[in-house]
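Understanding the architecture of this molecule
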Amino acid sequence: MDVWKAGDATRRAVLSDEHVDRAAAGATPFTADFQEFITKYAWGEIWTRPGLDRRTRSCITLAMLAALGHEHELAMHVRAARRIGLTEDEIKEVLLQTAIYAGVPAANRAFAVAQAALEFDRNEEDRNGRTG
């Protein structure tokens, strides 16, 4: 399997087919190279390496996004973390750890973003359960 295909498969497993399809559909001539870049290098080269499992990579990603204040990406990766098996308590522990090493203000905002993402997912599950 080539690197892009491995990256696409990993990206879909972590973020969901819906997310990846939406990103691909929204690509423009200006952004298409960036989509290819992240699929190949972030997802195909880094997330597929054997040294860490996906759960560990997800924890690291959550901490880094929280520390850097990348709220949109953090919300997306909170949902991805749940998709690949992290519990809400594990996500909470990652954010508490982040508070100590990246600062309380960063973790405070990360908790708010994570809580909103988790509530969104719960509401989606409730809606799907009632309609499905």
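What counts as what
Residues numbered from 1 in each chain as written. Predicted model: local features only at pLDDT ≥ 70, side-chain atom pairs only at ≥ 80, totals over all residues. Heavy atoms only, no water. Helix = DSSP H or I, 4+ residues; strand = E, 2+ residues; numbered from the N terminus. Expected span 1.5 Å × (residues − 1). Buried < 20%, exposed > 50% of the residue type's maximum accessible area, 1.4 Å probe, protein only. Arc of directions from axis to C-beta. Domains from an automatic or database assignment. Contact = heavy atoms within 4.5 Å. Buried area = accessible area lost by both parts, 1.4 Å probe. Salt bridge = Lys/Arg side-chain N within 4 Å of Asp/Glu carboxyl O. Polar contact = N/O pair within 3.5 Å; in protein donor to acceptor, adjacent residues only side chain to side chain. Core = buried A, V, L, I, M, F, W, Y, C linked by side-chain atoms within 4.5 Å. Axes fitted to C-alpha atoms, helices over the stretch in contact; angles between N-to-C directions. Parallel < 35°, antiparallel > 145°, perpendicular 65-115°, else oblique.

The name given to the chain in an unreviewed UniProt entry is 4-carboxymuconolactone decarboxylase, with the source organism recorded as Streptosporangium subroseum.

**A short note on helix H6 (residues 88-102)**
Between its first and last C-alpha, H6 extends 20 Å over 15 residues, near the 21 Å set by a 1.5 Å rise per residue. Three or more residues of H6 are buried, namely Ile-91, Val-94, Leu-95, Thr-98 and Ala-99. Viewed along the axis of H6, the buried residues span an arc of 150°, placing them on a single side of the element. In H6, the exposed positions angled more than 90 degrees off the buried face are occupied by Asp-89, Gln-97, Ile-100 and Tyr-101. Among the residues trailing H6, Gly-103 stands out with phi positive, at a value near 110°.

**Some thoughts on the domain arrangement of the chain**
When cut into domains, the chain gives domain 1 (1-49) and domain 2 (52-131). Each of domain 1 and domain 2 has a C-alpha centre, and these two points are 20 Å apart. Each partner contributes residues to the interface: domain 1 has 10 residues there, and domain 2 has 10 residues. A buried area of about 880 Å², summed over both sides, lies between domain 1 and domain 2, and 63% of it is on carbon and sulfur atoms. Sorting the residues of domain 1 by area buried against domain 2 places Val-14, Leu-15 and Trp-47 first, and these three jointly supply 57% of that buried surface. Between domain 1 and domain 2 we count 0 salt bridges in total. Scanning the region where domain 1 abuts domain 2 turns up 4 residue pairs in polar contact (both at pLDDT 80 or more). Contributions of two or more residues to the side of domain 1 that touches domain 2 are made by helix H1 (3-15) and helix H3 (32-46).

**Some thoughts on the nonpolar core**
Residues Leu-62, Leu-74, Val-78, Ile-91 and Leu-95 are the most contacted members of the largest nonpolar core, which totals 16 residues. Elements that contribute at least two residues to this core include exactly helix H4 (54-68), helix H5 (71-83), H6 and helix H7 (104-131). Considering every element that reaches this core, the biggest residue donor is H7, with 5 residues. In contact with Val-78, not counting residues within four places along its chain, are Leu-62, Ile-91, Ala-114, Ala-117 and Leu-118. Counting 7 residues, the second-largest nonpolar core is a separate cluster that includes Val-14, Leu-15, Trp-43 and Ile-84.

**What about the packing of H1 against helix H2 (residues 17-25)?**
Viewed as axis vectors pointing N to C, H1 and H2 meet at an angle of 120°, and their least axial separation amounts to 6 Å. The pairing of H1 with H2 is recorded here as oblique in orientation. Between H1 and H2, the contacting residues are Asp-8, Arg-11, Arg-12 and Leu-15 on the first element and Asp-17, His-19, Val-20, Asp-21 and Ala-23 on the second.

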